[in-house]
Amino acid sequence: MNIFELLIWGIIAIILLGIGISFFNQTNQVTNINTEIENALQFAQTNEKLGQIVTLNSRKIESDYLLLKKDFETNNQSIALECTNPNLCCPNKEKCDKIEWDFEKIKFKNERSYDFFIRCVRDNIFICRIYFGQMPAQAKINEIKILDDQGTSTKFNVIVTNSGKINLFQGENSIVLYKKVKNDWEKTPEVFPIQNISMLMPNQTHTFLWNIETKTSGEYRAESKFLGENSGFEIKQYDFNVTENSFCIIDETKTQTIFDNTTQKYREIHYCNNCNYSFECVTEWAKENPDIIWNIIDKEKIFCEKNLLQETC
């Protein structure tokens, strides 16, 4: 074999080596993005990140790569895919000269870097969505700001925002009230109507005003949840104390019974003296009769319900 032939074979070997390295790099790139998405999905399912966006910035994708939701689904994990940038993608399930996609698959046509976003919620199983393009809408509670914390009434603002790059739709703010009983937080039976906002633009804020009325003194925790139909959720808590008025006493010298046409039951009304708030009256009567369900009229009057006039609560 002469020098010229050796040179030719050397060139061929270099070309084949280059092709092999290129193939390895492409395969490795695909393997890496799938692995990174799988890791992000696990992180998005932790208590810390549930309902929140996990971001993978600038991940290079080779041309003609096909991202499939079935590659990530498990018995405990449901997946959907979504493009969040119309400048990059065709409309859902349509074909064009951009990236073609639906909730099952995404076909990347040109080699370039993309931002990926993962978010999970829980409903028996984890329901997760893998976004790419730009950050989707994200529900966020900026602050819980106390306005008034006196006696039975605790007023506070829940200040929320959309921290994503897409409009948030059908936002809801709800409150669940807990009371500390023997060092454990127990959910109270109080129900507070959900407050709504139809839309929040990116970085726009909104303030929900809440007024919590409690029936008894003690340590309380208000748990506020803000969510949107396309924006995940965030939960924050505020602890506060409802103090007891030692001058509030029950008045056993009088009582009154009236018939309630709405419930078709009798109301047995009981009285208090020197109470500043209605919950104080309930607290004092509950000490005397802890098994009775007491209902508030005002700071001086409460009632229990009975079926017959001759009965006592």
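For the structure itself, look to the data block above.
I will try to describe carefully the structure that is included in this document. (Residues numbered from 1 in each chain as written. Predicted model: local features only at pLDDT ≥ 70, side-chain atom pairs only at ≥ 80, totals over all residues. Heavy atoms only, no water.)

**A word on the overall build of the protein**
So, step 1. Counting secondary structure elements, the protein contains 2 helices and 19 strands.
So, step 2. Going through the 313 residues of the protein one by one, you find that 39% of them count as buried.
So, step 3. Residue pairs in contact within the protein that sit at least 24 positions apart in sequence constitute 63% of those at least 6 positions apart.
So, step 4. If you sum the accessible surface of the protein, you get close to 18100 Å²; carbon and sulfur atoms cover 50% of it. (Helix = DSSP H or I, 4+ residues; strand = E, 2+ residues; numbered from the N terminus. Buried < 20%, exposed > 50% of the residue type's maximum accessible area, 1.4 Å probe, protein only. Contact = heavy atoms within 4.5 Å. Areas by Shrake-Rupley, 256 points an atom, 1.4 Å probe, with all protein chains shown as cover.)

**Some words on the nonpolar core**
Nonpolar side chains tend toward joint burial in soluble globular proteins.
So, step 1. Membership of the largest hydrophobic core comes to 30 residues, with the highest contact counts inside it found for Ile37, Leu67, Phe108, Phe116 and Phe132.
So, step 2. Of all the secondary structure elements, the ones that give two or more residues to this core are helix H1 (3-44), strand E1 (54-61), strand E3 (77-83), strand E6 (112-123) and strand E7 (125-132).
So, step 3. Sorting elements by how many residues they give to this core places H1 first, with 5 residues.
So, step 4. Counting 23 residues, the second-largest nonpolar core is a separate cluster that includes Ala137, Ile144, Tyr220 and Tyr238. (Core = buried A, V, L, I, M, F, W, Y, C linked by side-chain atoms within 4.5 Å.)

**Digging into helix H2 (residues 278-288)**
So, step 1. Counting buried residues along H2, 8 of its 11 residues qualify, which places the element largely inside the surrounding structure.
So, step 2. Every buried residue of H2 is accounted for by Ser278, Phe279, Glu280, Cys281, Val282, Thr283, Glu284 and Trp285.
So, step 3. For H2, the elements touching its buried residues are strand E15 (233-242), strand E16 (249-260), strand E17 (265-273), strand E18 (295-298) and strand E19 (301-306).

**Section: the packing of aromatic side chains**
So, step 1. By the definition in use, this model includes 13 aromatic pairs.
So, step 2. With a centroid separation of 5.7 Å and an interplanar angle of 90 degrees, the aromatic rings of tyrosine 114 and phenylalanine 132 are classed as edge-to-face. Remark: phenylalanine 132 occurs in strand E7 and tyrosine 114 occurs in strand E6; sequence separation between them is 18 residues.
So, step 3. Joined through ring pairs, the aromatic side chains of Tyr65, Phe108, Tyr114, Phe116 and Phe132 make up one cluster. (Phe/Tyr/Trp six-rings, centres within 6.5 Å; stacked < 30°, edge-to-face > 60°.)

**Here we look at a nonpolar patch on the surface**
So, step 1. A contiguous nonpolar patch, built from Phe169, Met199 and Met201 and spanning about 250 Å² of accessible area, is present on the exposed surface.
So, step 2. Inspection of the secondary structure assignment puts phenylalanine 169 in strand E10 (residues 168-181). (Patch = residues over 30% accessible without salt bridge, like charges linked within 9 Å, V, L, I, M, F, W, Y side chains within 5 Å. Salt bridge = Lys/Arg side-chain N within 4 Å of Asp/Glu carboxyl O.)

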